[in-house]
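Working through the structure, step by step
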Amino acid sequence: MTRLSNAFAKPHPALVTFITAGDGDTAANLDALVEGGADVIELGMPFTDPMADGPAIQQANIRSLGKGTTTADVLRIATEFRQRHAQVPLVLMGYANPMVRRGPEWFATAASDAGVDGVICVDVPPEEDDALGPALRDAGIAPIRLATPTTDDKRLPAVVEGSEGFLYYVAVAGITGMQQAAIESIEANVARIKGATEIPVAVGFGVRTPEQAGAIARVADGVVVGSALVELVAEHGNDAPGRLRELTAALAGAVRGAR
Amino acid sequence: MNHGKSDPASPPANSYRQMPDSRGHFGDYGGRYVAETLMPLVLELEREYRKAQADPAFQREFDDLLEHYVGRPSPLYHAERLSEALGGAQVWFKRDELNHTGAHKINNCIGQILLAIRMGKTRIIAETGAGQHGVATATVCARFGLPCVIYMGAEDVQRQSPNVFRMKLLGAEVVPVTSGRGTLKDAMNEGLRDWVANVHDTFYIIGTAAGPHPYPELVRDFQSVIGKEARAQMQDRIGRLPDLLVAAIGGGSNALGLFHPFLDDPDVKMLGVEAAGHGLDGDEHAASLLGGFPGVLHGNKTYLLQDEDGQITEGHSISAGLDYPGIGPEHAWLKDTGRVEYTAITDEEALEAFQLLCRTEGIIPALEPSHAIAAVAKRAKDMPKDSVILANLCGRGDKDIFTVAERLGVEI
């Protein structure tokens, strides 16, 4: 069993929470997510050109890079997180260029050394897997793929093949932090994806409230919340951990009570 | 006119004109580095483009619009007074600045909007820097009656107000982009964000030979009309091919359009001219090939201006059309193979060349081809008088007179 498979083997759906590395007091923010009851942590790697993200996460990237956050800083945040939390799965999420800049093998090894369990790379689809996938798998890191409402049945096998840890279903054809998809559409698509793979399916994009998270948790293996948490960091700065703990606890309660 | 790879003659086995491969790669470069939401759409675009390439009706409509709406073929012009002033090679220009809308951009926009219509898309989006691609896109949208949204960096909206007004006259909605640093690359990010949220009805007309496959290939093919005409016109006028082709490079579409039909002519040398801005020594340039490193941005792998962590840095050039931190992936491949030579020209050198062409030939060039003219001036001197340089005059300079006046200290 890996840390990721353990997280999805719990008797309740998994709450997956996202914040951006280097935005606010990241170590304290991460601890607050764990204390609030997050089952999986996604740590965003800041990038100058986050073209799949809405305003909340764009701003988080700008704040982080504005403070001079480097790849070394992101890896150090991960390493220290792993020292404090031996069992909580940690996933790096971001864009290809910072991941391949020094070569995919360098990145995979450095992430593995930092105790990272999985990587979500927004702009490496299955067709370009060679750019990152083999290096991650060799280093024992799960490449976590994304499926979307536009992923038709014809390409679904190619998407799930080679995805490890879990599959991230992007509920909305759009960017992060905007509108939520209809629960009927989410349910139908999750069922379709689960027909094509054994790995757990977590649903994200547009999930902001405990009510939404609870509704999705009834039909999926996990729920991803990002922008709503990132907005708390933007609003409360160094006082964010208390707010993050509060919202995470409410989300976790809704997700755990769903089934 | 034939289209794509079969013209002017079928490429031989080890041709430079066979790229990209079936996965959209030019050697190590190119590809389809996009979010999953867009993947089905770029695959559909490729299928539709293959059908269009094989459809004589598509070719006929494209050719007809280029002839009667754009004004092609553009003239091939022997710049005798410039040649004399330089004292070396004979300089010829492909006059793509005489096209409708004043630049080569329209060739590509015509091709892409015909594809959009074939695909049943009812809404067009595009990004623009200085506004040339925005104006060309707004033009074809007006011509075909499709709604059009143009993303443009907020600062460029201020600086390029005549082009913003042109786009609005043509019925386009111009959206100032304030995300990131509000530059061309941020406008492209915003275009991609719009596209990903509106894939069902929206076609993204990318302005240069970059982005996810098949964009670099189809933009090149639509722009190759420049090189195909030039090849035939050269044969017709002087009975041989030129010794050297020269073109400016931002994303690289006008250069590929000129170069591509000549790639398998071993005696024709080629020179791509990047923007050196204030000089390649510092950070203020836009020379992705000469001053950047390979990486992944906006759907393709190519040379990028970036720091050691892979964060994208801003380009600088006096010419807004060259001011982009990336370059089309086919240029990255042509650089590595050595088939095309690349050089860079500073703001100052481009300004001098701009004035030189005004005075010797009575042509006010855009600042983009002024970079090519500056490179021509450097090379021509050392070439024999019976040698021939062909440069692409890819845009006219009306849009740049305010920038030039400011740099020359003139108030207008």
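Here the structure is a predicted model, which is why all the values come from computation and not from measurement.

Calculation rules
Residues numbered from 1 in each chain as written. Chains lettered and ligands numbered in written order. Predicted model: local features only at pLDDT ≥ 70, side-chain atom pairs only at ≥ 80, totals over all residues. Heavy atoms only, no water. UniProt positions renumbered as here; feature names shortened; annotations may be inferred. Helix = DSSP H or I, 4+ residues; strand = E, 2+ residues; numbered from the N terminus. Buried < 20%, exposed > 50% of the residue type's maximum accessible area, 1.4 Å probe, protein only. Contact = heavy atoms within 4.5 Å. Buried area = accessible area lost by both parts, 1.4 Å probe. Salt bridge = Lys/Arg side-chain N within 4 Å of Asp/Glu carboxyl O. Polar contact = N/O pair within 3.5 Å; in protein donor to acceptor, adjacent residues only side chain to side chain. Nonpolar A, V, L, I, M, F, W, Y, C, P; charged D, E, K, R; others polar.

1. Examining the UniProt feature "active site" (unreviewed entry) in chain A
- The positions UniProt marks with the feature "active site" (unreviewed entry) are A:Glu42 and A:Asp53.
- Its location among the elements puts A:Glu42 in strand 2 (residues 40–44).
- Given the relative accessible area of 0%, A:Glu42 is considered buried.
- If we skip the residues at most four places from it in the chain, A:Glu42 touches A:Val16, A:Thr17, A:Phe18, A:Ile19, A:Val91, A:Met93, A:Ile120, A:Phe166, A:Tyr168 and A:Val224.
- Here A:Asp53 is to be found in the loop between strand 2 and helix 3 (55–66).
- We classify A:Asp53 as buried; its relative accessible area is 9%.
- Setting aside its immediate chain neighbours within four residues, A:Asp53 contacts A:Gln58, A:Tyr95, A:Ile175, A:Thr176 and B:Arg193.

2. Details of the environment of B:Met188
Residue and element names in this part refer to chain B.
- Tracing the sequence through the fold places Met188 in helix 8 (residues 184–197).
- For the pair Met188 and Gly129, spaced 59 residues apart in sequence, the C-alpha to C-alpha distance is 9.3 Å.
- Leaving out residues up to four positions away in the same chain, Met188 has contacts with Glu127, Tyr204, Ile206, His298 and Tyr324.

3. Describing the interface of chain A and chain B
- In this complex, chain A contributes 38 residues to the contact, which on the side of chain B involves 36 residues.
- In total, about 2900 Å² of surface goes out of reach between chain A and chain B, with carbon and sulfur atoms giving 48% of it.
- Per-residue buried area on chain A facing chain B is highest for A:Met51, A:Arg101 and A:Glu128; these three make up 22% of the total on that side.
- We note a salt bridge from A:Arg155 to B:Glu36, for which the minimum N-O separation is 2.8 Å.
- In this assembly, chain A and chain B are joined by 23 residue pairs in polar contact (both at pLDDT 80 or more).
- The set of elements that each furnish at least two residues to the side of chain A that touches chain B consists of helix 3, helix 5 (96–100) and strand 6 (146–147) of chain A.
- At four residues, the largest contribution of residues to the side of chain A that touches chain B is made by helix 5 of chain A.
- Broken down by class, the residue content of the side of chain A that touches chain B amounts to 19 nonpolar, nine polar and 10 charged.

4. Notes on the side chain of B:Asp309
- Inspection of the secondary structure puts B:Asp309 in the loop between strand 12 (299–304) and helix 13 (329–337).
- One polar contact links the side chain of B:Asp309 to the main-chain amide nitrogen of A:Thr71, over a distance of 3.0 Å.
- Leave out the neighbours within four places in its chain, and B:Asp309 touches A:Thr70, A:Thr71, A:Pro98, A:Arg101 and A:Arg102.

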